[in-house]
Amino acid sequence: MKILNYGSMNIDNVYSVEHMARPGETILATGRGVFCGGKGLNQSIAIAKAGGQVCHAGIVGEDGGMLLDALHAAKVDTACVRKAAGPSSHTVIQVDASGQNSIIVFGGENMRPTEADIDRMLEGFGPGDAVIMQNELYNSPLMMRKAAQKGLCVIFNPSPVNEALADYPLESVSWFLLNEIEGGALTGQTDPQAILAGMKEKYPNASVVLTLGADGAYCLHDGQLLYQPAFRVKAVDTTAAGDTFTGYFVSGLAQGMPLERIMKRAARASSIAVGRMGAADSIPLAEEVNAAED
Ligand code: RIB
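What counts and what doesn't
- Residues numbered from 1 in each chain as written.
- Predicted model: local features only at pLDDT ≥ 70, side-chain atom pairs only at ≥ 80, totals over all residues.
- Heavy atoms only, no water.
- Near = heavy atom within 4 Å.
- Polar contact = N/O pair within 3.5 Å; in protein donor to acceptor, adjacent residues only side chain to side chain.
- Areas by Shrake-Rupley, 256 points an atom, 1.4 Å probe, with all protein chains shown as cover.
- Nonpolar A, V, L, I, M, F, W, Y, C, P; charged D, E, K, R; others polar.
- Pairing = 2+ DSSP bridges.
- Helix = DSSP H or I, 4+ residues; strand = E, 2+ residues; numbered from the N terminus.
- Axes fitted to C-alpha atoms, helices over the stretch in contact; angles between N-to-C directions.
- Contact = heavy atoms within 4.5 Å.
- Expected span 1.5 Å × (residues − 1).
- Buried < 20%, exposed > 50% of the residue type's maximum accessible area, 1.4 Å probe, protein only.
- Left-handed = near helix turned anticlockwise from the far one by under 90°.
- Parallel < 35°, antiparallel > 145°, perpendicular 65-115°, else oblique.
- Core = buried A, V, L, I, M, F, W, Y, C linked by side-chain atoms within 4.5 Å.

Remarks on the site of the ligand
Inspection of the region around the ligand gives 13 residues, with Asp12, Gly38, Lys39, Glu136 and Asp243 positioned closest. With respect to the ligand, the side chain of Lys39 contributes an N or O atom lying 2.9 Å from an oxygen atom. One nitrogen or oxygen atom from the side chain of Asp243 is found 2.7 Å from an oxygen atom belonging to the ligand. Protein burial of the ligand: of its 280 Å² of free accessible surface, 96% is covered by the chains. Looking at the shell around the ligand residue by residue, the classes come out as 3 nonpolar, 6 polar and 4 charged.

The structure is reproduced here in structure tokens:
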């Protein structure tokens, strides 16, 4: 199964702070780093590091050499990345003393693939292949529709959540990978079991992976419910922990691994990622994950 990832590519400006700046407050950062990120790029790198074949589809600006280098270093195919004028999408990220983050994304025009871009990206993909997308690039509904029409398996990580999701053709989705906030937005529920039940009711043909951070993750597939506890670690920076889980999960699916093993590897990989600073840089190689496996 070939994987196409329709995803953002951001330059992450990460500021270490004691606590997140509150409304009206000015605070001093204790450190700053510039990293490769974007939910899309992070997930492509995680898929590739986990041993999968992925073609990244997105847009990079004039300053995006570091983003392309990171994809190439991880052996991600960049044939579907368009280079555009102007700056790349970027973020401002605060990481507090407990490793939690808050993220502002500025996408600008380079978050806006056109219909012609989407048609070109989908060339060479068809039945038996999969597209994964998050909710940072514009025109995701169009990609979702066109990919489903071409017979691709549509995998959706509705992150970040926004009101536009209500108009997405979500009946085309085969796999949802989401956390409690995203699951809550789609179902109106807060309890994990109620979210799973709500997803099953609304999208009866889809499978669902619900991640709960330190409380583990559930996978609902073919009427079977699996639970994977989280591995306990001291968090340094939780940025891209969810992307690491998603990428490892999708890579495992594409490689035909049993679901129990996929869930365990994804949980292990994301636990390694939260122990390191940065987004894409924090994602472990399959060898590291395998070495940590029981
Ligand atoms: O999920 C983490 C990512 O979200 C960061 O790398 C940032 O770029 C935002 O897209």
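Focus on the sheet that holds strand 6 (residues 89–95)
Strand pairing in a sheet relies on backbone hydrogen bonds, with the paired strands running either antiparallel or parallel. The 4 strands lie next to each other as 3-2-6-7, forming an open sheet whose pairing is mixed. Looking at strand neighbours, the two that pair on one side only are strand 3 (31–37) and strand 7 (101–106), the edges of this open sheet. Going from strand to strand, the sheet's axes swing by 20° on average, the running direction of each strand aside. The sheet contact formed by strand 2 (residues 10–16) and strand 3 spans 7 bridges and is antiparallel. Bridged to Ser16 within strand 3 is Gly31. Its contacts with the sheet put helix 2 (residues 65–73) on strand 2 and strand 3, and the angle it makes with strand 3 is roughly 60°.

Concerning helix 7 (residues 241–254)
For helix 7, spanning 14 residues, the distance from its first C-alpha to its last is 20 Å, which sits close to the expected 20 Å at 1.5 Å a residue. Of all 14 residues making up helix 7, 12 are buried, and the element is well covered by its neighbours. Along helix 7, the positions that sit buried rather than exposed are Ala241, Asp243, Thr244, Phe245, Thr246, Gly247, Tyr248, Phe249, Val250, Ser251, Gly252 and Ala254. Following helix 7 by one or two positions, Gly256 has its phi on the positive side, about 70°.

With respect to the sheet that holds strand 9 (residues 153–156)
Taken in spatial order, the 9 strands line up as 5-4-1-8-9-10-11-12-13 in an open sheet, and their pairing is mixed. On the outer flanks of this sheet lie strand 5 (77–83) and strand 13 (224–228), each paired with one strand and no other. Averaged over all pairs of adjacent strands, the angle between their axes in this sheet comes to 15°, without regard to strand direction. Here strand 10 (residues 173–179) pairs with strand 11 (residues 207–211) via 5 bridges, running parallel. Across the sheet, Leu178 pairs through a bridge with Leu210, a residue of strand 11. Of the strands in this sheet, strand 1 (3–6), strand 8 (130–133), strand 9, strand 10, strand 11 and strand 12 (217–221) are in contact with helix 7, which crosses strand 10 at around 150°.

Thoughts on the environment of Thr211
As for its placement among the helices and strands, Thr211 is situated in strand 11. Separated by 58 residues in the primary sequence, Thr211 and Ala269 place their C-alpha atoms 13 Å from one another. Residue contacts for Thr211: discarding those within four places in its chain leaves Leu178, Asn179, Glu180, Gly216, Ala217 and Phe245.

So, the packing of helix 3 (residues 115–122) against helix 4 (residues 140–149)
At their nearest, the axes of helix 3 and helix 4 sit 10 Å apart, and the two run at 35° to each other. Regarding helix 3 and helix 4, the two cross each other, and that crossing is right-handed. Here Glu115, Ile118, Asp119, Met121 and Leu122 of helix 3 come into contact with helix 4, specifically with Leu142, Met143, Lys146 and Ala147. Residue composition of the contact of helix 3 with helix 4, grouped by class: 6 nonpolar, no polar and 3 charged.

A look at the packing of helix 1 (residues 39–49) against helix 2
Where helix 1 meets helix 2, the axes come as close as 9 Å, and the angle between the chain directions of the two elements is 20°. Between helix 1 and helix 2, the angle is such that the two are roughly parallel. Crossing handedness for the pair helix 1 and helix 2: left-handed. Counting all contacts with helix 1, which are made through Leu41, Ser44 and Ile45, the residues of helix 2 involved are Leu67, Ala70 and Leu71. Partitioned by chemical class, the residues of the contact of helix 1 with helix 2 number 5 nonpolar, 1 polar and no charged.

Looking at unusual backbone geometry
Following Ser159, the chain continues into Pro160 via a peptide bond in cis, with omega recorded as 0°. Within the fold, Pro160 resides in the loop between strand 9 and strand 10. Even without being a glycine, Asn139 presents a positive backbone phi close to 65°. In this fold, Asn139 is placed in the loop between strand 8 and helix 4. Owing to a relative accessible area of 33%, Asn139 belongs among the partly exposed residues under this scheme. Even without being glycine, Asp222 reaches a positive phi, approximately 55°.

Quick word on the nonpolar core
In this structure, Ile45, Tyr248 and Phe249 are the most contacted members of the largest nonpolar core, which totals 44 residues. When residues of this core are assigned to their parent elements, the largest contribution, 6 residues, is made by helix 8 (residues 259–273). Excluding residues within four positions of it along the chain, Phe249 makes contact with Trp175, Leu177, Val209, Cys219, Leu259, Ile262, Met263 and Ala266. By size, the runner-up hydrophobic cluster in this structure holds 36 residues, among which are Met111, Ile118, Phe125 and Ile195.

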